Amino acid sequence: MNEDLRNVVLGVLATGVSGSLGWLSRTYLWRRDRRRKQAFFGLREGAECLLVVNRKAGSERAVHNVDVSALLELSALLKDCGARPEMVQHDAIRQGLGDRTEFCVGGPYSNRRMAAHLASLLPGFTMRVESDPVPDRGMFTVGGEVYRGVPGATEYVLLARLVGGDGGRPVFLFCGQYAVANQAATRYLARHHERLARKYGSGPFVLLLKVVNSDAYGPDVVELVADVTRQARTPISPASPPAPAAT
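About the cut-offs
Residues numbered from 1 in each chain as written. Predicted model: local features only at pLDDT ≥ 70, side-chain atom pairs only at ≥ 80, totals over all residues. Heavy atoms only, no water. Helix = DSSP H or I, 4+ residues; strand = E, 2+ residues; numbered from the N terminus. Buried < 20%, exposed > 50% of the residue type's maximum accessible area, 1.4 Å probe, protein only. Contact = heavy atoms within 4.5 Å. Areas by Shrake-Rupley, 256 points an atom, 1.4 Å probe, with all protein chains shown as cover. 1 Å grid on protein atoms, 1.4 Å probe; cavity = no way out; pocket = protein on both sides within 12 Å on 5 of 7 lines; lining within 4 Å. Points joined across faces, edges and corners; volume = space filled by probe spheres on them. Nonpolar A, V, L, I, M, F, W, Y, C, P; charged D, E, K, R; others polar. Salt bridge = Lys/Arg side-chain N within 4 Å of Asp/Glu carboxyl O. Axes fitted to C-alpha atoms, helices over the stretch in contact; angles between N-to-C directions. Parallel < 35°, antiparallel > 145°, perpendicular 65-115°, else oblique. Left-handed = near helix turned anticlockwise from the far one by under 90°. Pairing = 2+ DSSP bridges. Arc of directions from axis to C-beta. Polar contact = N/O pair within 3.5 Å; in protein donor to acceptor, adjacent residues only side chain to side chain.

Peer 1: Explain the overall build of the chain to me, using residue names and the numbers behind them.
Peer 2: Within the chain, the secondary structure is distributed over six helices and 11 strands. Split into buried and exposed, the 247 residues of the chain put 43% on the buried side. Relative to all contacts within the chain whose residues are 6 or more apart in sequence, the contacts with residues 24 or more apart total 67%. Surface summary for the chain: the accessible area is close to 13,000 Å², and the carbon and sulfur share equals 54%.

This is how it looks when you write it as structure tokens:
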């Protein structure tokens, strides 16, 4: 073998080794990131999970089109985790918590499952479900603070990861004052789940988010108002009147 041929062979071998090492490195990082994502969402390869949704007003089966968009946001995450989602209407599920990871979308006025979760898991948080007076419809109260939403301008949504039952699987809550806020919360989780995992690990969190000017920006512009984990999980004291409404 002459020197030129030897150099060609060595170059090919070096390229092959370098490519193999790069592929192995990328595969390792991808698998590591996938394991971390699965741990955060309480999922494993092939695991079943629940997508609990409400019904569109006036319909027996249809889901609000904005909530469908929220489900699509979640489906992309679940696909990355290798999970198998099952969509269930809020009044068609009869099981406890912890056996399967659950994603519950919609306010308590139209989602009975959400109402049950809020009452049992977040006793320090309330959402006004009565239609009158109109300015107070959908109003949040947590930690002595009141948050009133203005459709299309300022809308609040609660994003929570909680654990209950014996199985240890989490339930994720997306409880918005309006449908677009539900989608905004799912999009926020899709964008920031890595940061949330680093901060909270597999522990609980309850975040209050604000959707800004959805008439112009849709569900894309979302601000973190506060981490209300402690306040939302602490039963409300009847001796503590609510503070003036936040703006």
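Peer 1: How would you sum up empty space enclosed by the protein? Please name residues and give values.
Peer 2: Taken as a whole and assessed by the stated rule, the structure comprises one cavity of 30 Å³ or more. Reported here for the largest cavity is a volume of approximately 50 Å³. Lining the largest cavity are 13 residues; nearest its centre among them are G96, L97, G98, R100 and E102. Classifying every residue of the lining of the largest cavity gives four nonpolar, four polar and five charged.

Peer 1: I'd like a description of the side chain of R113, backed by residues and values.
Peer 2: For R113, the location among the structural elements is in helix α3 (residues 112-121). Judged by its relative accessible area of 9%, R113 is buried. Residues contacting R113, with those up to four places away along its chain left out, are V52, H90, I93, Q95, G96, L97, E102 and C104.

Peer 1: Hey, could you go over the pattern of salt bridges for me, with residue numbers and the actual values?
Peer 2: The final tally for this structure, using the stated rule, is 12 salt bridges. In this structure, E48 engages R100 in a salt bridge whose closest nitrogen and oxygen atoms are separated by 3.1 Å. Placement of the pair is E48 in strand β1 (residues 48-53) and R100 in the loop between β2 (84-89) and β3 (101-105), with a sequence separation of 52 residues. D220 is the partner of R191 in a salt bridge, and the nearest nitrogen-oxygen pair spans 3.4 Å. A residue pair is termed long-range when its members are at least 10 positions apart, and R191 in helix α4 (residues 179-200) and D220 in the loop between α5 (214-217) and β10 (222-227) qualify at 29 residues. On the accessibility criterion, D220 (36% relative accessible area) is partly exposed. Each of E48, R84, E86 and R100 takes part in one network of salt bridges that share partners.

Peer 1: Summarise the packing of helix α2 (residues 65-81) against α4; cite the residues concerned and give the values.
Peer 2: The geometry of α2 relative to α4 is characterised by a closest axis approach of 8 Å and an angle of 15° between their N-to-C directions. With respect to their mutual orientation, α2 and α4 come out roughly parallel. In this structure, α2 meets α4 at a crossing whose hand is left-handed. Contact residues: α2 offers V66, D67, S69, A70, E73, L74 and L77, while α4 offers A179, V180, N182, Q183, T186, R187, A190 and H193. For the contact of α2 with α4, a count of residues per class yields seven nonpolar, five polar and three charged.

Peer 1: I'd love a proper account of the pairing of strand β7 (residues 154-163), names of residues and values included.
Peer 2: With eight of 10 residues buried, β7 lies mostly within the body of the structure. Here β7 pairs with strand β9 (residues 205-212) via eight bridges, running antiparallel. Opposite T154, over in β9, you have V212 as the bridge partner. The turn joining β7 and strand β8 (residues 170-176), which pair antiparallel and follow one another in sequence, is formed by six residues; a positive phi near 80° is taken by G165.

Peer 1: Tell me about α3, and please be specific about residues and values.
Peer 2: Taken as a whole, α3 has its buried residues at R113, M114, H117, L118 and L121. In a view along the axis of α3, the buried residues occupy a sector of 135°, so they form one face of it. Facing away from the buried surface of α3 by more than 90 degrees, the exposed residues are R112, A119 and S120. Where the residues of α3 are buried, they touch β1, β3, β4 (125-127), β7, β8 and α6 (229-233). Capping the start of α3, N111 holds a side-chain oxygen 3.0 Å from the backbone nitrogen of R113, two or three residues further along.

Peer 1: Which residues make up the sheet that holds β7, and what values go with them?
Peer 2: The mixed open sheet is built from seven strands, whose spatial order is β2-β1-β3-β8-β7-β9-β10. With one partner strand each, in any of the chains shown, β2 and β10 form the two edges of the open sheet. The sheet shows a mean angle of 20° between the axes of neighbouring strands, direction not considered. Summarising the sheet, β9 and β10 pair through five bridges and their orientation is antiparallel. Its bridge partner lying in β10, V211 is registered against V222.

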